[in-house]
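Residues per chain are reported as follows:
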Amino acid sequence: ERMKRFRRHGQESQRERIKQELYGFNKTVEHGFPHQPSALGFSPSLQLLAIGTRSGAIKLYPSIDTEGEVCLLLSIEQVELVTLLDDNSLHMWTLRAHHGVSELLEIGQTHTTPHHHPTTSLLPLLKIPFYFPHTLTLIGLPCVPEEYGGRRILEHVESLQENPVNQRQVLIGYGRGLMVIWDLDSQSAIKHIPATQQLESVWWTEDGGHVLSSHSDGSYCRWKVAGDDPQSEQEKSEVPYGEDTQKVNTTFLSGNCESACHSIYFLGPRLNSSSIHRHCISVIHSKTHVALDFTSRIIDFFVIRDGPGEPSALVVLVEEELVVIDLQTEGWPVIQTPYLVPLHCSAITCSHHVSAIPLKLWERVLSAGALQNTHYSKKPWPMTGGQNLAPDPPQRDLLLTGHEDGTVRFWDASGVCLYPMYKLSTAGVFLTDSDPNDNLNQGTEGEWPPFRKVGCFDPYSDDPRLGIQKIHLCKYSGYLTVAGTAGQILVLELNDEAAEQTVEATVADLLQGQEGFRWKGHTRLEVREEPVTFPPGFQPFALVQCQPPAVVTALTLHSEWKLVTFGTSHGFGLYDYQQKNNVLVRCTLNPSDQLAMEGPLSRVKSIKKSLRQSFRRIRRSRVSLRKHHVNNAAKLQQANARLEAELAEMELAPVQRKIEPRSPDDSFTGLVRTLYFADTFLSDSSHNTPSLWAGTNGGSVFAYQLRLPPVECRGEDPVTAHPAKEIQLMHRAPVVGILVLDGHGSPLPEPLEVAHDLARSPDMQGSHSLLVISEEQFKVFTLPKVSAKMKLKLTAIDGSRVRRVGVAWFGSNRTDDYGESGLTVLTNQGDLHVVSLPGVKLQVQYPCIRREDVSGIASCVFTKHGQGFYLISPSEFERFSLSARCVVEPRSLVEVPSQTPSATLPRALEPQPSHCMFHDDHPNSLQLMSIIIVYLWSDVFSYSCASGDPEISRSRSDVSIHL
């Protein structure tokens, strides 16, 4: 007995070592555009860009090859960053390399009083060797010379600008219009500019001889400031668009006004002749005048120059994207962004990941995408700071995102930068409900102001029925199938040439003659009858239209058999896209399930109604408490408990319970959750046959035996499907995954994977097993008898429900000769699990997503090598890895000047950890109002503001501070 116990302990220890070699959780990269940006900064010397967000995060973006929250190797000991927050605090931070990991430490801070809050900031002042708190006070407080009147009549400090030819002189602009040139050495005013209109912004020309000011009446003025006269005179005043169209010039930049080809950049106009609100930046260069009309609110902008008076690019941060305009190419085209791409140009509705793309398919997709980008500038990306030290990706990976406007976007997801490759639009196949007023915002020839649309963010869809819900791509054959909101399933093939063709629809009646049901949802999309010209790329050649036109909930393609299967809330079907006909249509609708006939729009209305009723009850309870002056703590706790109970009823939080049988009368029991093709044993253990498996929301599993004609007769003889098996899970939990394991316990390979010598042939000698994954358990059955073999009850352990599941290969990080297959699982609690195959045992568990983040959990997609993506905002994917071997790790290096400003800081202000004094009434909403970059570094780090003490958080791939 002691020997057995010793042997068992040794086996457990060995298994733990193997787990450490196979599994390891890391959140690695944030792809996409920062959510709700609030500030912009740029370092011309280091060519680095910084963006701050309303949540208090700072992200630094260097060269084309790096993006995300990263760890960095620094070439010097420290660098500095200054931030201004909306709680009137200013902070200086330094980044140091320590044991190969960067640490963020605070080295100085200051708070202003509520009556003297910072209204603007200035980069050059921080280069001067003042004590840090004194410097910040000078920047932030309205500093008005006494000889020019009291502070009240001048209002707040609107702008600060350094003299470009004399860094000891600062231009201070006050809200009422007065501008003062302040000498830092003498601490006195040497010149004043007596503007009378409300000041919006000021700009000092490059030669230091003139000042440009913009005002609330839509005008801008030029003032001569060279010479010894203590008062400047106005040389020029212009109102570019008139008071009706130009309401406010809030920011103003200029080139060399002495040059014949000077440039002027300013915000506006806000309105056009039709009084339509605009987000514009006007650019005046020589005789060229354009009002760049952006897609969302403008946050900030700056100009990159190749030399004095030589603007090369205009960089504009708007609320939903970053736009860079090439100012040196005729027509001022947009430079395509290599990172910070707005993933949410149209809202993301689904995603699909494909690993290890063959080179030929990769090049064909790239070629098709290049033809779509001819309108972009040929100029390279102008911000080139940092050196990429990350190794080349081991394989080519694609991430496909489906969008609300009916587009599918292909992204290069091989490395740390999510790069756009190609965009497919399905709208051309259908007649859509496009709004005839959509073009009102477009500029017309001869219009003044001369508007020009820029940017790709477009959240409006011509028709919500176009939305893409499911995607499946075969990387070996080049076939793609996509399914949408109105029950449409398109089958597409990659073509290198443009083609004109008609796409005919095949109707799949999923009700199969069921009586007593009336569809209350949206109508189907009408297909264009005339031929449509499709550009090179993926072109549709077959279309299936489900009736009723409900959202497609499951989709799978088998390109070797030339079959595609699809499912909705009413049933599932099998379509032969070679012969373009239906093979099978099966209704799974429960006769008592009338809710499935209402459609998604009716469902949304019912949810909104229940929410309104719940909040009305909450509001009434609060009013009742106020009327009776109930101050008792116990009664308040009871009210909070009722509130939590009502929220739980709306399933905003996960329900923890033991496994309990579900009623067959529950809503949407017939909804198809998963579809699966397998070549396995259904009728007997000696003859394998193609098969189709379907799992529903009510715990039912349907298996059909497929008979395929010989290859030489495939185009003429029909494919047939015959019912073979039917399983009903005892607890009727929704089936979210189906998998067949071969004689060795390995998952069956993908279609054509063996034919391309990328996988070994499945073992057809031993007994196959069927793994049915429900929301509550993993259950293994023998084939062909379908008798229960083993199971793992996930819900009985901790109340979790399976939301997403995938199959992955986990390779050892110590040797290339060992690896294991496993299931990657995400639960409604936001936890990640790895379940072993074929033993179905829980291996590791990691918390990943907040359980309240329902949309993040729903958006998760797994890869074949233990990685995954999920949305952390409408515009950002978080990338994570469960594999100890496959980790996408951005690493970079930036050459920083040898002498840094911190070398001149007093000893008392040397870098050291310190506490941040944030106001209690701003615990979690510290918006970054301004960013001042002194010296930045080559990658992105995240600085998050919340209540509490600072805590440096280190991992393999990110540096963040939590306050």
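Looking at an unreviewed UniProt entry, one finds the protein chain named LLGL scribble cell polarity complex component 2, with Hucho hucho as its source organism. Turning to the protein chain, the UniProt record has this under Sequence similarities (unreviewed entry): "Belongs to the WD repeat L(2)GL family."

Q: Which residues make up the overall build of the protein chain, and what are the values?
A: In terms of helices and strands, the protein chain carries 8 helices and 62 strands. Burial statistics for the protein chain: of 963 residues in total, 55% are counted as buried. Once local pairs closer than 6 in sequence are excluded, the contacts in the protein chain between residues at least 24 apart make up 62%.

Q: Now, about the nonpolar core: what can you tell me, with residues and values included?
A: Among the nonpolar cores identified, the biggest contains 34 residues, and Phe-410, Leu-480 and Phe-538 are the most heavily contacted of them. Per-element accounting of this core gives the leading share, 4 residues, to helix H4 (residues 359–371). Residue contacts for Leu-480: discarding those within four places in its chain leaves Leu-400, Phe-410, Leu-424, Ile-471, His-472, Leu-473, Leu-490, Val-491, Leu-492, Phe-538 and Leu-557. Core analysis: the second largest hydrophobic core is formed by 32 residues, Val-701, Leu-741, Leu-770 and Leu-794 among them.

Q: Please give an account of the confidence of the model for the protein chain that cites residues and values.
A: Scored by pLDDT, the protein chain has a mean of 78; 71% of the residues are at 70 or more. Counting interchain partners and residues more than four positions distant, the pLDDT-below-50 stretch residues 601–609 has 3 contacts.

Q: Explain the pattern of salt bridges to me, and be specific about the residues and the numbers.
A: In this structure the tally under the stated criterion is 20 salt bridges. Measuring nitrogen to oxygen at the nearest pair gives 2.8 Å for the salt bridge that ties Lys-59 to Glu-876. Of this pair, Lys-59 sits in strand S4 (residues 58–61) while Glu-876 sits in strand S57 (residues 876–883), and the two are 817 residues apart along the sequence. Judged by its relative accessible area of 8%, Glu-876 falls in the buried class. Across the pair Asp-496 and Arg-364 runs a salt bridge, and its minimum N-O distance is 3.1 Å. Of this pair, Asp-496 sits in the loop between strand S33 (488–495) and strand S34 (499–501) while Arg-364 sits in helix H4, placing them 132 residues apart in sequence. Taking relative accessible area as the criterion, Asp-496 reaches 43% and is therefore assigned partly exposed. Judged by its relative accessible area of 24%, Arg-364 falls in the partly exposed class. A cluster of three or more residues bridged by salt bridges with shared partners is formed by Glu-30, Lys-59 and Glu-876.

Q: Can you break down the sheet that holds strand S55 (residues 861–862) residue by residue, with the values?
A: Picture the strands of a sheet paired through backbone hydrogen bonds; they go either parallel or antiparallel. Read from one edge to the other, the open sheet built from 4 strands follows the order S1-S57-S56-S55, with strand pairing classed as antiparallel. Bordering the open sheet on either side are strand S1 (23–32) and S55, each of which pairs with just one other strand. Where strand S56 (residues 867–873) lies against S57, 6 bridges are found, and the strand directions are antiparallel. For Ser-873, the partnering residue across the bridge sits in S57 and is Glu-876.

Q: Explain the pairing of S57 to me, using residue names and the numbers behind them.
A: Burial runs high along S57: 8 of the 8 residues are buried. Two elements, S1 and S57, share 7 bridges in a ladder whose sense is antiparallel. Residue pairing for S57: Tyr-23 is matched across the bridge by Ser-883. The turn joining S56 and S57, which pair antiparallel and follow one another in sequence, is formed by 2 residues.

Q: How would you sum up the sheet that holds strand S41 (residues 571–576)? Please name residues and give values.
A: Taken together, 4 strands build an open sheet; the order of strands is S39-S40-S41-S42 and the sheet is antiparallel. Among the strands making up the open sheet, the edge pair consists of strand S39 (554–558) and strand S42 (581–587). On average, each strand axis in the sheet is tilted by 10° relative to the strand beside it, whichever way the strands run. Pairing analysis gives 5 bridges linking S39 to strand S40 (residues 563–567), with the strands arranged antiparallel. By the bridge assignment for S40, Thr-556 is matched with Thr-565.

Q: Talk me through the side chain of Ser-213; I want residue IDs and the actual numbers.
A: Counting through the fold element by element, Ser-213 comes out in strand S13 (residues 210–215). At 2.8 Å, the side chain of Ser-213 and the side chain of His-215 are in polar contact. Among the polar contacts made by the side chain of Ser-213, one reaches the side chain of Trp-223 at a distance of 3.0 Å. Apart from the residues within four sequence positions on either side, Ser-213 is in contact with Met-179, Leu-199, Ser-201, Val-202, Ser-219, Tyr-220, Cys-221 and Trp-223.

Q: Account for the packing of aromatic side chains, naming residues and giving values.
A: Evaluation of the coordinates by the stated rule reveals 17 aromatic pairs. Ring centres of Phe-869 and Phe-877 lie 6.2 Å apart, and the angle between their planes is 80°; this geometry places the pair in the edge-to-face category. Owing to a relative accessible area of 0%, Phe-869 belongs among the buried residues under this scheme. Measuring from centroid to centroid gives 6.1 Å for Tyr-870 and Phe-880, while their planes differ by 45°, and the two rings are tilted. On the criterion of sequence distance, the pair formed by Tyr-870 in strand S56 and Phe-880 in strand S57 is long-range, its members being 10 residues apart. By relative accessible area, Tyr-870 is classed as buried at 3%. Under the relative-accessibility criterion, Phe-880 is labelled buried at 0%. In textbook terms, an aromatic cluster arises when at least three aromatic residues are bridged by ring pairs, as seen for Phe-25, Tyr-846, Phe-862, Tyr-870 and Phe-880.

Q: So what about unusual backbone geometry? Which residues, and what values?
A: Most of the time, phi is negative for any residue but glycine, and the peptide bond is trans. Put simply, Gln-547 and Pro-548 share a cis peptide bond, and its omega is 0°. For the bond from Leu-837 to Pro-838, the omega torsion is 0°, close enough to zero to count as cis. The topology assignment puts Pro-838 in the loop between strand S53 (831–836) and strand S54 (842–847). Here Gln-187, not a glycine, exhibits a phi torsion of approximately 55°, which is positive. With respect to the secondary-structure elements, Gln-187 resides in the loop between strand S10 (178–183) and strand S11 (188–194). A relative accessible area of 43% means that Gln-187 is categorised as partly exposed. Here the phi dihedral of Leu-752 falls at roughly 70°; this positive angle occurs in a residue that is not glycine.

Q: I'd like a rundown of H4, residues and numbers included.
A: The end-to-end C-alpha distance of H4, which contains 13 residues, comes to 19 Å, matching closely the 18 Å that a straight helix rising 1.5 Å per residue would cover. Buried residues along H4 sit in contact with strand S26 (398–403), strand S27 (407–412), strand S28 (419–425), S33 and strand S38 (537–547).

Q: Describe the environment of Ile-18, listing the residues and the values that go with them.
A: In this fold, Ile-18 is placed in helix H1 (residues 2–22). Sequence-wise, Ile-18 and Arg-814 are 796 residues apart; in three dimensions their C-alpha atoms are separated by 9.7 Å. Apart from residues lying up to four places away in sequence, Ile-18 is in contact with Tyr-818 and Glu-820.

Q: Give a description of the side chain of Ser-355 that names residues and reports values.
A: Note on placement: Ser-355 falls in the loop between strand S24 (348–354) and H4. Polar contacts involving the side chain of Ser-355 include one to the side chain of His-353, which spans 3.5 Å. Ignoring any residue separated from it by four or fewer positions in sequence, one finds Ser-355 in contact with Gln-395, Arg-396, Asp-397, Lys-475, Thr-863, Lys-864 and His-865.

Q: I'd love a proper account of the environment of Val-840, names of residues and values included.
A: By secondary structure assignment, the location of Val-840 is in the loop between S53 and S54. In this structure, the C-alpha to C-alpha distance between Val-840 and Val-780, residues 60 residues apart in sequence, is 8.2 Å. The residues contacting Val-840, other than those within four sequence positions of it, are Leu-771, Phe-778, Val-780, Met-790, Leu-792 and Val-835.

Q: Any details on the state of the cysteines? Residues and values, ideally.
A: Evaluation of the coordinates by the stated rule reveals 0 disulfides. Note on Cys-456: no disulfide assigned, nearest cysteine sulfur contributed by Cys-345 at a separation of 3.3 Å.

Q: Tell me what's going on with the environment of Gly-406, and back it up with residues and numbers.
A: Turning to its location among the elements, Gly-406 is positioned in the loop between S26 and S27. For the pair Gly-406 and Gly-484, spaced 78 residues apart in sequence, the C-alpha separation works out to 7.7 Å.

Conventions we followed
- The residue count restarts for each chain, going from 1 along the sequence in the order it is written.
- Local features are withheld for residues below a pLDDT of 70 in this predicted model, meaning they are given only at 70 or higher, and side-chain atom pairs are given and counted only at 80 or more; totals for whole chains, interfaces and linings count all residues.
- Hydrogens and water are ignored here; the side-chain numbers use all heavy atoms of the structure.
- UniProt positions are given in the numbering used here, feature names are shortened, and annotations may be inferred rather than shown by experiment.
- To qualify as a helix, a DSSP run of H or I must reach at least 4 residues; to qualify as a strand, a run of E must reach at least 2; elements of each kind are numbered from the N terminus.
- Relative accessibility decides the category of a residue: with a 1.4 Å probe and only protein chains considered, values under 20% of the type maximum give buried, values over 50% give exposed, and everything between is partly exposed.
- Residue contacts are defined here by distance: any two heavy atoms, one from each residue, within 4.5 Å place the two residues in contact.
- Here the nonpolar core consists of buried residues drawn from Ala, Val, Leu, Ile, Met, Phe, Trp, Tyr and Cys, with membership extended through side-chain atoms lying within 4.5 Å.
- Per-residue confidence from the predictor is reported as pLDDT, a score between 0 and 100.
- Salt bridge, as used here: a side-chain nitrogen of Lys or Arg that lies within 4 Å of a carboxyl oxygen of Asp or Glu.
- Any two strands with at least two DSSP bridges between them are considered paired.
- For helices, the fitted axis covers only the stretch in contact; all axes are lines through C-alpha atoms, and the angles between them, taken along N-to-C directions, range from 0 to 180 degrees.
- Polar contacts, as used here, are pairs of N or O atoms within 3.5 Å; protein pairs need one atom able to donate a hydrogen and one able to accept it. Residues neighboring in sequence count only if both atoms are side-chain atoms.
- Between the rings of Phe, Tyr and Trp (Trp by its six-membered ring), a pair exists once the centres lie within 6.5 Å; its type follows the angle of the planes, with under 30 degrees stacked, over 60 edge-to-face, and the other angles tilted.
- Multiplying 1.5 Å by the residue count of a helix minus one yields the expected span of that helix.
- Cysteine sulfur pairs qualify as disulfides if the two atoms are within 2.5 Å.

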